[in-house]
Amino acid sequence: MLVTNDDELGEVRDAALVIEDGVVVAVERAGAQGDERIDAGGRCVIPGFVDSHTHLVFAGDRSEEFAARMAGAPYGAGGIRVTTEATRAASDDELMRLTRARREEARRAGITHLEIKSGYGLDVETERRLCEVAGQFTDDVTFLGAHVVPAEYEGCADDYVELVCGEMLAACAPRSRWIDVFCEEGAFDADQSAAVLHAGAIAGLGLRVHGNQLGDGPGVQLAVEMGAASVDHCTYLSDADIEALAGSDTVATFLPATDFSTRQPYPDARRAIDAGVEVAIATNCNPGSSYTTSMAFCIALAVRDMRMTAQEALRAATLGGARALRRDDVGHLAPGARADAVILDAPSYTHLVYRPGVPLVAQTITG
Ligand code: NIG
């Protein structure tokens, strides 16, 4: 079975995907001739996963924090400072090595395109370095200087916001496509978040928001009002949030591995989808709240715990991610798209949920 994401899911049986110079040129009947052939042998072929939310560039380890959480400690934004300390101390070479290893791990798990955020530097020079490292792996780099207020600005959040909107943005904007802000209690409030997004927009960056992760909050409404491409987490959605999202171009990106790793409730994706909200699923790979590159795991959680069908979850992890990044070259396999595909060691994508934890990605094809 071939899934193209053309027309709903675009499931085609006995298909051949014809690729030229890294681009899909046709979907034909099995048996089509070509210079080179890959025989999928009756297995399911899907578009490569598009991971629209990752924090791949960091140093250090927070497994003890995770273990404490599993023993009952709550999750808080403060752990970001721990990673910031380790990341500031790491050399460029070390950050490149760590990020390359994580990127390769993600590729093996079927992720053919991803976004990478900065956000563990929180000073001008380190944020610039993180954006530069991220740019070696993707053209979807997101400047996240407004991740939390660093220790040296404790009690002076507005001064830090001024730095983010001024010198730090000037250093990072040329290396980024997006700006993001963590709009949440313990991070940045609605006014501070709006200031960051406004400055980013003036610098020519597209907007993204971390919002409604740890409780109800202004993140979703702010994202919609400011025309953000995506608001991510959305674990807590009020009726007004859903209504705002449904009438907007802002994608609601769910990060279920985060809710798993922080013992948060899972968002009710069904409610959002039924109201007409465009949704995506991403891994949120980061050292604190979601250290996984497995989109298959996220899909399984979305189906098991967020009331999505396997079809909806696959679409959200491919085309949904592409929409959250406002791209039309990835996330589908119709003619003209980048030839990014995954051969699953399974006859159908339902096995991604049916066989949780089993590495079903047999081959990742990039371009
Ligand atoms: O998306 N929410 C904010 N940022 C990350 C968490 C980062 C961390 O705990 O290190 C997230 O979950």
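The coordinates are above.
From a predicted model like this one, the values you see are computed outputs, not experimental measurements.

1. A short note on the packing of aromatic side chains
Step number 1: Within this structure, the stated rule accounts for 5 aromatic pairs.
Step number 2: Here Phe-58 and Tyr-291 contribute two aromatic rings whose centre-to-centre distance is 5.5 Å and whose plane-to-plane angle is 70°, an arrangement assigned as edge-to-face. Here Phe-58, found in the loop between strand E6 (49–51) and helix H1 (63–70), pairs with Tyr-291, found in the loop between strand E14 (279–281) and helix H11 (295–305); they are 233 residues apart in sequence, far enough to count as distant.
Step number 3: Look at Phe-58 and you get buried, because its relative accessible area is 0%.
Step number 4: On the numbers, 6.4 Å between centres and 25° between planes, the contact of Tyr-160 with Phe-188 is stacked. A residue pair is termed long-range when its members are at least 10 positions apart, and Tyr-160 in helix H5 (residues 157–172) and Phe-188 in the loop between strand E10 (178–183) and helix H6 (190–202) qualify at 28 residues.
Step number 5: What makes Phe-188 buried here is its relative accessible area of 1%.
Step number 6: An aromatic cluster is built from Phe-58, Tyr-120 and Tyr-291, whose rings are joined through pairwise contacts.

2. Observations concerning the state of the cysteines
Step number 1: In total, this model carries 0 disulfides according to the counting rule given.
Step number 2: For Cys-172, which is in no disulfide, the shortest distance to another cysteine sulfur is to Cys-131 and amounts to 3.9 Å.
Step number 3: When its relative accessible area of 0% is taken as the criterion, Cys-172 is described as buried.
Step number 4: We note that Cys-298 lacks a disulfide partner, and the nearest cysteine sulfur, in Cys-285, lies 9.6 Å from it.

3. A word on the pairing of strand E9 (residues 141–146)
Step number 1: With 6 of 6 residues buried, E9 lies mostly within the body of the structure.
Step number 2: Where strand E8 (residues 116–117) lies against E9, 2 bridges are found, and the strand directions are parallel. Bridging from a neighbouring strand, Ile-116 pairs with Val-141 of E9.
Step number 3: Handedness of the crossover joining E8 and E9 through helix H4 (residues 124–135) is recorded here as right-handed.
Step number 4: For the crossover that starts at E9, traverses H5 and ends in the parallel E10, the hand is right-handed.

4. What to know about the pattern of salt bridges
Step number 1: Applying the stated criterion across every chain, the model contains 27 salt bridges.
Step number 2: The salt bridge partner of Lys-117 is Glu-115, with a shortest N-O separation of 2.6 Å.
Step number 3: A relative accessible area of 0% places Lys-117 in the buried class.
Step number 4: Taking the shortest distance from any N to any O, the salt bridge between Arg-271 and Asp-239 comes out at 3.0 Å. Of this pair, Arg-271 sits in helix H10 (residues 269–274) while Asp-239 sits in helix H8 (residues 239–246), and the two are 32 residues apart along the sequence.
Step number 5: We classify Arg-271 as partly exposed; its relative accessible area is 31%.
Step number 6: Note on Asp-239: relative accessible area 58%, which makes it exposed.
Step number 7: One network of salt bridges, in which partners are shared, links Asp-139, Asp-140, Arg-177, Arg-327, Asp-329, Arg-338 and Asp-340.

5. What about the site of the ligand?
Step number 1: Taken together, 15 residues surround the ligand, and among them Arg-62, Tyr-75, Tyr-120, His-147 and Ser-289 come closest.
Step number 2: At a separation of 2.5 Å, an oxygen atom of the ligand approaches a polar side-chain atom of Tyr-75.
Step number 3: One of the side-chain nitrogen or oxygen atoms of Tyr-120 is found 2.6 Å away from an oxygen atom of the ligand.

6. Notes on the side chain of His-351
Step number 1: In this fold, His-351 is placed in helix H13 (residues 351–354).
Step number 2: Since its relative accessible area comes to 17%, His-351 is described here as buried.
Step number 3: Residue contacts for His-351: discarding those within four places in its chain leaves Ala-346 and Leu-360.

7. Details of the environment of Tyr-236
Step number 1: On the secondary structure map, Tyr-236 appears in the loop between strand E12 (230–233) and H8.
Step number 2: Tyr-236 gets classed as partly exposed once you look at its relative accessible area, which sits at 24%.
Step number 3: For the pair Tyr-236 and Arg-177, spaced 59 residues apart in sequence, the C-alpha to C-alpha distance is 27 Å.
Step number 4: Within the structure, the side chain of Tyr-236 is placed 3.1 Å from the side chain of Gln-264, a separation counted as a polar contact.

The rules behind each value
Residues numbered from 1 in each chain as written. Predicted model: local features only at pLDDT ≥ 70, side-chain atom pairs only at ≥ 80, totals over all residues. Heavy atoms only, no water. Phe/Tyr/Trp six-rings, centres within 6.5 Å; stacked < 30°, edge-to-face > 60°. Helix = DSSP H or I, 4+ residues; strand = E, 2+ residues; numbered from the N terminus. Buried < 20%, exposed > 50% of the residue type's maximum accessible area, 1.4 Å probe, protein only. Disulfide = S-S within 2.5 Å. Pairing = 2+ DSSP bridges. Right-handed = clockwise from strand over helix to strand, strands pointing away. Salt bridge = Lys/Arg side-chain N within 4 Å of Asp/Glu carboxyl O. Near = heavy atom within 4 Å. Polar contact = N/O pair within 3.5 Å; in protein donor to acceptor, adjacent residues only side chain to side chain. Contact = heavy atoms within 4.5 Å.

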